[in-house]
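# Residue-level structure breakdown
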Amino acid sequence: MGQKVGIEVSIAAADAVGLCDVDVVAAYPITPQTHVVEHLAELCASGHLDAEFVPVESEHSAMSVCCGSAAAGARTFTATSAQGLALMAEIVYIASSMRLPMVMFLANRALSAPLSIWNDHSDTMMVRDCGWVQVFCQNGQEVYDSIFHAFKVSEDKRVSLPVMINVDGFALTHVIEPIEFWTKEMVKQYLPPFQPIHTLHPDKVVTMGAFGMPEIYTEAKKALDVALWNSGPVVVEAWNEMAKLTGRQYLPVEKYRTEEAETLILAMGSICETASLAVDEMRESGRKIGMINLRLWRPLPTEELIKALAGARDVIVLDRALTPGGANSPLTSEIRTLMYAEPNRPNIYCMVAGLGGRDVTPNDIKVMVDTALADKHTGHYIYGVRG
Amino acid sequence: MASAVSDVSITETKMAETEKKKVIKPLKNFPMEEYINSGHRACQGCAEVLAVRHVLKAIGPDVVMAMATGCMEIISSPYPYTSWTVPWIHIAFENAAAVASGIEAGLKALKRKKRIPDKEITILAMGGDGGTTDIGFQALSGMMERGHKIIYVCVDNEAYMNTGIQRSSSTPFGATTTTSPAGRVAPAGQMTWKKDMVAIAAAHGIPYTATACPTFYNDLQKKILKAKEVDGPSYIHILSVCPTGWRVPLHKAIEYGQLAVDTGVFPLYEVENGVWKLNRKPKELKPVVEYFKGQGRYRHLDDTLTAEIQDKITARWNRLVKMCEADKED
Ligand SMILES: Cc1ncc(C[n+]2csc(CCOP(=O)(O)OP(=O)(O)O)c2C)c(N)n1
Ligand code: SF4
Ligand SMILES: [Mg+2]
């Protein structure tokens, strides 16, 4: 078993990337992603990590370098946030459609304007449909463990898709947490060497990235959809394998004090830790409330989610992104769509909170629950707007 | 020619049976191998695809190629077909230099870690003038500045041809395109002067950069071979006559390439480790009108505009000659 150390989550994540013996890192600095990349640059410069560190001139090029290196058969990593993701978005879609394995650490940050370096989920929701495996993390240990998991899933021949790890900016990236490190032996046991299906090499000639006429485009997109759905069991399998190694069991849908709960809070990311405190307090005052932490965003664990939500009377979704002018915010829309056909579907309320780094306390969550239950709004409700 | 594999965007190619023959020095022995097969969908008389053909002949089979969106990508890779008998990847329009940077970095790491055999592989990036001088400019600059060992080739047909002949920053002054039409307000059509890419590349301090034209295919192949040998980035800017976009007869591409060079409109020169050298110096330049004659894109030019262009071309030529002479004396 590895050693437990108090360390900044970003540094720990970079160490994990190093332990994975990554071959190519290409990234462009943006707050709050910077510490991850800086530490990787250090590891390369000091010779602790034998990798090519490509200090690109933009995020667009970062993702393009990643596509090139993954296609060449190299283990590939990048990290970014908000504006950086927006700039690379064009290529993010291409990476998955071309089935190029790679791992992205996304330090979630609000999209401009107004410019904000602080945390919400508007960046990741912008590329919701990019076809990547997308996971959210609740705490530092999970972020650290996710790095090994992400490479394992991404490079698995049954998956061969890029994986995005969502890590709340500052709230997670910049905090110091006690993290149990993996040993080299554990990594060796868990993560096999990358053996790509096709690579760019003169010894075996392939054409990658051919263009699709209307008679093939739909099939190509269907193939991506099927591949992403099929990655679900592999994601779970890799978590189960990790549990055997570390004793930490991750699930696509995590339940917290949901026994006999009439009301459920559903959220993704670090806000779940806050919500669990609110649940504790409300349980103490006798309320039948619990929480659902949705860890696997893509592919959506539909069966587990339906099972987790179907018994409740009310579900309050904490949405950390806004869909201006839309039927509802991204996470709520998804949950509502999923539950629409269920005979005993709960009421589903949307609470948009924590935009652009606005603090959300356990008390805020209690107020949001009470507001939703009293107000019974059908559209989104933007919590905490002043003035 | 090609067979589909699991992923729709990947097309597997049977190796050309000519595989692994040594590339022989041009001039005496013209390489007979083909690395872009016929059957592609380029227009008749296209000298851009001819440029591609010569570049690949010069490099030989041990190459990995990243290509930008544009004519050459579209004509060669309609899934499930492919014209390429070398490993080839297309990701997007503006990033061939970055994709190639990734390939180079990836192969370098894998070789160093002994996970693939230590074989010499040339990394080639290629884009049109739009994909290079406009939208891909930043990625190219990054690639050159970081010092990747990559040959970047710009196949310059002086407009965005793939999308229907729109102007680029490489479209010459006086040429009409669909977005630089000639009219009362803009009598010349394109009212700006062609971006000087080789000077920009040279300013990055890269070891080798040059202009070329498939009409002078020996010169072109020699330059590619030179680029292949240098330890670092190289940039080759190839004038590629496009009969469709220039509105010239289909059989005239080679001739117009010759005229572009011999009028001084597109001089052949190279910059090797900072030293400028003319590769073809006609005793006397032909007047530019000879080059303009018969090109639909220049048909609107009157004597005043032609004289203005002639003056500029002469001045530029003289400056280039002077720079090369000065470097010769050093
Ligand atoms: C980001 C982006 N913008 C625009 C396009 C549309 N587009 C595709 S090819 C092309 C022009 C290509 O021109 P050039 O690079 O000169 O190559 P050519 O076709 O002339 O060989 C354009 C504008 C695109 N594919 N991607
Ligand atoms: S439009 Fe021009 S460059 Fe494109 S294929 Fe036709 S001739 Fe070649
Ligand atoms: Mg062009």
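Residues numbered from 1 in each chain as written. Chains lettered and ligands numbered in written order. Predicted model: local features only at pLDDT ≥ 70, side-chain atom pairs only at ≥ 80, totals over all residues. Heavy atoms only, no water.

## Considerations on empty space enclosed by the protein
Stated precisely, the cut-off is as follows: Only protein atoms enter the 1 Å grid, on which a cavity is a set of points fitting a 1.4 Å probe that cannot get out and a pocket is an open set with protein on both sides within 12 Å along at least 5 of 7 lines, lining residues being those with an atom within 4 Å of a point. Grid points are joined across faces, edges and corners, and a volume is the space filled by probe spheres set on the points. Only Asp, Glu, Lys and Arg are considered charged, only Ala, Val, Leu, Ile, Met, Phe, Trp, Tyr, Cys and Pro nonpolar, and every remaining residue, Gly among them, polar.
The final tally for this structure, using the stated rule, is one cavity of 30 Å³ or more. By volume, the largest cavity amounts to about 40 Å³. When its residues are assigned to classes, the lining of the largest cavity shows four nonpolar, one polar and two charged.

## Let's talk about the domain arrangement of chain A
Residues and elements named next belong to chain A. Stated precisely, the cut-off is as follows: Domain start and stop positions are those given by an automatic or database domain assignment. Residue contacts are defined here by distance: any two heavy atoms, one from each residue, within 4.5 Å place the two residues in contact. Contacts described as polar in this section are N or O atom pairs within 3.5 Å, which, within protein, must combine one atom able to donate a hydrogen with one able to accept it, while residues neighboring in sequence count only if both atoms come from side chains. Secondary structure follows DSSP: runs of H or I at least 4 residues long count as helices, runs of E at least 2 residues long count as strands, and numbering of each begins at the N terminus.
Each domain of chain A was delimited in the assignment, giving domain 1 (4-246) and domain 2 (254-382). Relative to domain 2, the C-alpha centre of domain 1 lies at a distance of 27 Å. Contacts between domain 1 and domain 2 engage 28 residues on the former and 24 residues on the latter. Seen at the junction of domain 1 and domain 2, the total is ten residue pairs in polar contact (both at pLDDT 80 or more). Looking at the side of domain 1 that touches domain 2, the elements with two or more residues in it are helix H5 (122-126), strand E6 (133-136) and helix H8 (214-246). Here the element with the most residues in the side of domain 1 that touches domain 2 is H8; it accounts for six residues. Classifying every residue of the side of domain 1 that touches domain 2 by side-chain character gives 14 nonpolar, nine polar and five charged.

## Overview of the coordination of the magnesium ion (ligand 3)
Cut-off, in case you're wondering: Coordination shells were defined by N, O and S atoms within 2.8 Å of each metal, extended to 3.2 Å for Na, K and Ca; water is absent from the atom set, which can make sites look incomplete. Note on exposure labels: buried denotes an accessible area under 20% of the residue type's maximum, exposed denotes more than 50%, and partly exposed covers the range between, all computed with a 1.4 Å probe on protein chains only.
Coordination of the magnesium ion (ligand 3) by the protein comes from Asp129 of chain B (OD), Asn157 of chain B (OD1) and Ala159 of chain B (O), over a distance range of 2.0 to 2.1 Å. Judged by its relative accessible area of 4%, Ala159 of chain B is buried.

## Structural notes on the site of ligand 2
So the rule is basically this: By convention in this text, a residue qualifies as near a molecule or strand provided that one of its non-hydrogen atoms is within 4 Å of it.
The immediate surroundings of ligand 2 are formed by Ala42, Cys43, Cys46, Glu48, Cys71, Asn157, Met161, Cys242, Pro243 and Thr244 of chain B. In terms of residue class, the shell around ligand 2 is built from seven nonpolar, two polar and one charged.

## Regarding the pattern of salt bridges
Our working definition: A pairing counts as a salt bridge when a side-chain nitrogen of Lys or Arg comes within 4 Å of a carboxyl oxygen of Asp or Glu.
Applying the stated criterion to the full structure yields 37 salt bridges over all chains. For Arg146 of chain B, the salt bridge goes to Glu57 of chain A, with nearest N and O atoms at 2.9 Å. Of the two residues, Arg146 of chain B is situated in helix H5 (residues 137-146) and Glu57 of chain A in the loop between strand E3 (52-54) and helix H3 (59-71); the pairing between them involves two chains. In this structure Glu57 of chain A comes out as buried when scored by relative accessible area, which is 19%. A salt bridge links Glu237 of chain A to Arg158 of chain A, with the nearest nitrogen and oxygen atoms 2.8 Å apart. Here Glu237 of chain A, found in helix H8, pairs with Arg158 of chain A, found in the loop between helix H6 (140-155) and strand E7 (163-168); they are 79 residues apart in sequence, far enough to count as distant. Here Glu237 of chain A falls in the partly exposed class, since its relative accessible area comes to 38%. Take Arg158 of chain A: its relative accessible area is 45%, and that puts it in the partly exposed class.

## Let's talk about the side chain of Ser270 of chain A
Residues and elements named next belong to chain A. By secondary structure assignment, the location of Ser270 is in the loop between strand E11 (263-267) and helix H9 (271-284). One polar contact links Ser270 to Asp168, side chain to side chain, over a distance of 2.7 Å. When sequence neighbours within four positions are dropped, the list of residues in contact with Ser270 reads Cys137, Gln138, Asp168, Ala171 and Leu172.

## Side note on the site of ligand 1
Let me state the cut-off plainly: To be clear on the numbers: accessible area is Shrake-Rupley with a 1.4 Å probe, and residue cover counts the displayed protein chains and nothing else.
Neighbouring ligand 1 are 18 residues, the closest being Glu48, Cys71, Asp129, Gly130 and Gly131 of chain B. Among the chains of the assembly, those with residues near ligand 1 are chains A and B. Gly131 of chain B is positioned such that a nitrogen or oxygen atom in its backbone is 2.8 Å from an oxygen atom of ligand 1. Contact between ligand 1 and Met161 of chain B: an oxygen atom at 2.9 Å from a main-chain N or O atom of the residue. The fraction of the free accessible surface of ligand 1 (590 Å²) that becomes covered by protein chains is 77%. Looking at which element gives the most residues to the shell around ligand 1, the answer is helix H4 (residues 129-134) of chain B, with three residues. When its residues are assigned to classes, the shell around ligand 1 shows six nonpolar, eight polar and four charged.

## Topic: the sheet that holds strand E10 (residues 253-256) of chain A
Residues and elements named next belong to chain A. The condition is simple: At least two DSSP bridges between two strands are required for those strands to pair. Axis definition: a line fitted to C-alpha atoms, limited for helices to the stretch in contact. Angles are taken between N-to-C directions and run from 0 to 180 degrees.
Taken together, the six strands give an open sheet; going across it, the order is E10-E12-E11-E14-E15-E16, and neighbouring strands pair in mixed fashion. The strands lining the two open edges of the sheet, one partner per strand, are E10 and strand E16 (380-382). In this sheet, adjacent strand axes meet at a mean angle of 25 degrees when their direction is disregarded. One ladder, built from six bridges, connects strand E14 (residues 314-319) with strand E15 (residues 347-352); its direction is parallel. Looking at E15, one finds that Leu318 is bridged to Met351. Contacting E10, E11, strand E12 (289-294) and E14, H9 crosses the sheet at an angle of about 170 degrees to E12.

## Let's talk about the packing of aromatic side chains
All names here are of chain B. Operational definition: Two rings from Phe, Tyr or Trp (for Trp, the six-membered ring) form a pair when their centres sit within 6.5 Å of each other. Planes less than 30 degrees apart are called stacked, planes more than 60 degrees apart edge-to-face, and all others tilted.
Here the structure, examined in full by the defined rule, presents 17 aromatic pairs over all chains. Here the aromatic rings of Tyr256 and Tyr291 are separated by 6.3 Å at their centres, their planes lie at 65 degrees, and the arrangement is edge-to-face. Of this pair, Tyr256 sits in helix H9 (residues 253-262) while Tyr291 is found in helix H10 (residues 288-292), placing the two residues 35 residues apart along the sequence. Each of the two residues, Tyr256 as well as Tyr291, counts as buried.

## A short note on the side chain of Ser154 of chain A
When you line up the elements, Ser154 of chain A lands in helix H6. Every residue in contact with Ser154 of chain A, bar those within four places of it in the chain, is listed here: Pro101, Met102, Val159, Ser160, Leu161, Pro162 and Val163 of chain A.

## Observations regarding the environment of Tyr291 of chain B
Given the relative accessible area of 1%, Tyr291 of chain B is considered buried. Once the C-alpha coordinates of Tyr291 of chain B and Met143 of chain B are considered, the two residues, 148 residues apart in sequence, prove to be 34 Å apart.

## Thoughts on the interface of chain A and chain B
To be explicit about the condition: Here's the idea: put two parts together, see how much 1.4 Å probe accessible area each one loses, and the total over both is what we call buried area.
Facing 45 residues of chain A, the contacting portion of chain B comprises 54 residues. Buried surface at the junction of chain A and chain B, summed over both partners, amounts to about 4,100 Å²; 61% is from carbon and sulfur atoms. Three residues, Val205, Thr207 and Phe211 of chain A, lead the burial of chain A against chain B; their summed loss comes to 18% of the area buried on that side. A salt bridge links Arg112 of chain B to Glu52 of chain A; the nearest nitrogen and oxygen atoms lie 2.6 Å apart. If you look at where chain A meets chain B, you find 20 residue pairs in polar contact (both at pLDDT 80 or more).

## Section: the packing of helix H1 (residues 47-59) of chain B against helix H7 (residues 217-229) of chain B
All names here are of chain B. We count it as follows: Angles are sorted into four bins: roughly parallel if under 35 degrees, roughly antiparallel if over 145, roughly perpendicular if 65 to 115, and oblique for all others. The sense of a crossing depends on the near helix, which, turned anticlockwise from the far helix by less than a right angle, makes the crossing left-handed and, turned clockwise, makes it right-handed.
Where H1 contacts H7, the axes come no closer than 9 Å and their chain directions differ by 50 degrees. Classified by the angle their axes make, H1 and H7 are oblique. In this structure, H1 crosses over H7, and the sense of that crossing is right-handed. Together, His54, Val55, Lys57, Ala58 and Ile59 of H1 and Tyr217, Leu220, Gln221, Ile224, Leu225 and Lys228 of H7 make up the contact between the two elements. The residue inventory of the contact of H1 with H7, partitioned by class, reads seven nonpolar, two polar and two charged.

## Things to note about a nonpolar patch on the surface
Residues and elements named next belong to chain A. Here is the rule we go by: Each patch is built from residues lacking any salt bridge and having more than 30% relative accessible area; the joining distance is 9 Å for like charges and 5 Å for nonpolar side chains (Val, Leu, Ile, Met, Phe, Trp, Tyr).
There is a patch of nonpolar side chains on the surface, built from Leu322, Ile382 and Val385 and spanning about 240 Å² of accessible area. Tracing the backbone shows Val385 in the segment after E16. For Val385, a relative accessible area of 61% translates into the label exposed.

## Notes on the pairing of strand E5 (residues 122-128) of chain B
Residues and elements named next belong to chain B. Here E5 lies mainly inside the structure; seven of its seven residues are buried. Sheet topology places strand E3 (residues 63-67) next to E5; five bridges connect them, and they run parallel. The partner of Val64 across the bridge, within E5, is Ile123.

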